[in-house]
Amino acid sequence: MKGSISAMNKKTIVYAAVVMLVTVALLPACRDKKSTGLEYARNMYDPIAYNQDQPTDKKAIPSFNGQTAQTPPPNTDPIGFDRYELPNTKEGYEASATVVNPTTLTKETLLEGQHLYKVFCSPCHGVKGDGKGHIVELDKGISGVPAYFGAESTSSRGGLMKDMPAGKIYHTIVYGLNAMGSYASQLTPTERWKVVAYVQQLQKQ
Ligand code: HEC
């Protein structure tokens, strides 16, 4: 009997110790509601370098705006960023008509344009550019996609699709139009011009 009582006591002591430990571990969480509590090996998920949006000590570096990522100086462009000056307005669209394709037309650029067209444009515009992409055919809510060619296919902004100049096609890729979204973040300026060159081939059908 004696033996089993001390065994029970042992169990109670272990149980009490566990409860106490858990309580102590959880207590810090009550202090600060935003606290993530006990974190193991913090620097494994916190980078040593500053995060872009991390606040910086404004007093230590007065010229800083209070965060690591600084506002770029006026009239500067980030490396690799190509500014497109024409605005997303009717005037901007009309002005884009005179912008020329700076990419040299070669077999390679056309092939790349074709590939990018297939990936980004053909779901709606169709592989042949007839406006009958699979999204349109499956009736998934996209309609009114104009064919790039033909004597009847017109742009909703006026003019025949087959006569649309390169600049206007580029402008459409940058800003999108109604149901068509912008493809500026998916395609670099050079890639956009390659797509334009390929669309111009489709216009000639
Ligand atoms: C989600 C479907 C969709 C995708 C993807 C799409 N388009 Fe369009 N596109 C449309 C629709 C719809 C219109 C007609 C918009 C209107 O006139 O209201 C259109 C119109 C156009 C026009 C005519 C613009 C004008 O001024 O009338 C051009 C040029 C064009 N798209 C090029 C492209 C190119 C190049 C791509 C690929 C980078 C592309 N589109 C991807 C749906 C799409």
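Residues numbered from 1 in each chain as written. Predicted model: local features only at pLDDT ≥ 70, side-chain atom pairs only at ≥ 80, totals over all residues. Heavy atoms only, no water.

## Some words on the site of the ligand
- Around the ligand sit 26 residues, and of these Cys121, Cys124, His125, Ser156 and Met180 come closest.
- In this structure, an oxygen atom belonging to the ligand sits 2.5 Å away from a side-chain N or O atom of Ser156.
- Residue Asn178 places a side-chain N or O atom 2.7 Å away from an oxygen atom belonging to the ligand.
- Applying the majority rule of atoms within 2 Å of the grid points places the ligand in the largest pocket.
- Among the secondary structure elements, those contributing two or more residues to the shell around the ligand are helix 4 (122-125) and helix 6 (166-175). (Near = heavy atom within 4 Å. Polar contact = N/O pair within 3.5 Å; in protein donor to acceptor, adjacent residues only side chain to side chain. 1 Å grid on protein atoms, 1.4 Å probe; cavity = no way out; pocket = protein on both sides within 12 Å on 5 of 7 lines; lining within 4 Å. Sits in = over half its atoms within 2 Å of the grid points. Helix = DSSP H or I, 4+ residues; strand = E, 2+ residues; numbered from the N terminus.)

## Considerations on the nonpolar core
- Core analysis: the largest hydrophobic core is formed by 19 residues, its most contacted members being Tyr117, Tyr148, Ile169, Ile173, Val195, Val196 and Val199.
- Sorting the residues of this core by element identifies helix 3 (107-120), helix 6 and helix 7 (189-203) as the ones contributing at least two each.
- With six residues, the top contributor of residues to this core is helix 7.
- For Ile173, the contacting residues outside a window of four places in its chain are Met180, Ser182, Tyr183, Ala184, Leu187, Arg192, Val195 and Val196. (Core = buried A, V, L, I, M, F, W, Y, C linked by side-chain atoms within 4.5 Å. Buried < 20%, exposed > 50% of the residue type's maximum accessible area, 1.4 Å probe, protein only. Contact = heavy atoms within 4.5 Å.)

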